[in-house]
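These are the residues of each chain, in order.
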Amino acid sequence: MENAISAGLSRQIVLARALDVTANNIANQTTAGFKADHVSFREYLARLNTADITDTDVSLVFDPDSYTDFSAGGVESTGAPLDFAISGDGFFGIETTTGVQYTRDGRFGLNDFSELVTRDGDLVLDAGGGPILIDPDAGPILVARDGELQQDGAPIGRLGVYEFDDNRLLRKTTSNLFATDETPTLRDNPVIQQGFVERSNVQPIVAMTDMIEIVRAYESAAQLLETSNDLARDTVRTLTQNA
């Protein structure tokens, strides 16, 4: 019974984590540039100290960590001149209060100083790692496919598109941003689409199916624990009556 309880509890802990991750994916299925997370399930054998059972190896489950799916989402037209989508690999560089972070969410705007910023007001970085200044009186913004920004036919800067050797070293923070201690490289030939944003790569039907399966598995584990507890109570009651 102790073995069944231990196995059931370990499974419930992992399933609760998977439920949180899947629910967050579903909540962000319409968030531009959002990357879905998944939970890794692994099995390990635990040797429990029991005097009445010879085979004490019990199969338990745990999740060492969640991981992020960095596959590209679809591209959606917005028509907004300061919305940008990256085709292929790479991230926009963002200067935050805690340092430079990275995002695929290209929904930008201007602050009071005519600097290109995210929706949270953080600076968008150019190819040199500095802010991007835009003259609101110099005409419309045009962005070439390589990220060069132009006004009135003159270049005013270039959007920085940064890439990493291993995206798995990126960790999610807040506001759809990623942080890392790794040094990125500037992508040589980025492809930028102006007036578009990258959609979330969450697949709603798959995510909802996963949610249903996780809930059912959690209920099954709960039933196992309830049955084990009932058996334990019956055993104690029987021993007490026969004492």
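Up top is the structure.
### Observations regarding unusual backbone geometry
Even without being glycine, Ser 175 reaches a positive phi, approximately 55 degrees. Topologically, Ser 175 is positioned in the loop between strand E16 (171–172) and strand E17 (178–179). Its identity as a non-glycine residue notwithstanding, Asn 176 has a phi of 65 degrees, on the positive side. With relative accessibility at 15%, the residue Asn 176 sits in the buried group.

### Details of the pattern of salt bridges
Under the counting rule described, the total for this entry stands at eight salt bridges. Note that Lys 35 and Glu 198 form a salt bridge whose closest N and O atoms lie 2.5 Å from each other. Here Lys 35, found in the loop between helix H1 (2–27) and strand E1 (37–39), pairs with Glu 198, found in strand E20 (residues 196–198); they are 163 residues apart in sequence, far enough to count as distant. Glu 198 shares its class with Lys 35; the two are buried. For Asp 146, the salt bridge goes to Arg 158, with nearest N and O atoms at 2.8 Å. Of this pair, Asp 146 sits in the loop between strand E12 (141–143) and strand E13 (148–151) while Arg 158 sits in strand E14 (residues 154–158), and the two are twelve residues apart along the sequence. Because the salt bridges share partners, they merge into one network encompassing Lys 35, Arg 104 and Glu 198.

### Brief notes about the pairing of strand E7 (residues 91–96)
With five of its six residues buried, E7 lies for the most part within the structure. Across two bridges, E7 lies against strand E15 (residues 161–163) in antiparallel orientation. In the sheet register, Phe 92 faces E15, and the bridge partner there is Val 161. By the bridge criterion, five bridges tie E7 to strand E8 (residues 99–103) in an arrangement that is antiparallel. Bridge pairing in E8 places Thr 96 opposite Gly 99. Where E7 folds back on E8, the antiparallel hairpin that results is connected by two residues. Bridge count between E7 and strand E11 (residues 123–124): two bridges; the pairing is antiparallel. Bridge assignment links Ile 94 to a residue of E11, and that residue is Val 124.

The rules behind these values
- Residues numbered from 1 in each chain as written.
- Predicted model: local features only at pLDDT ≥ 70, side-chain atom pairs only at ≥ 80, totals over all residues.
- Heavy atoms only, no water.
- Helix = DSSP H or I, 4+ residues; strand = E, 2+ residues; numbered from the N terminus.
- Buried < 20%, exposed > 50% of the residue type's maximum accessible area, 1.4 Å probe, protein only.
- Salt bridge = Lys/Arg side-chain N within 4 Å of Asp/Glu carboxyl O.
- Pairing = 2+ DSSP bridges.

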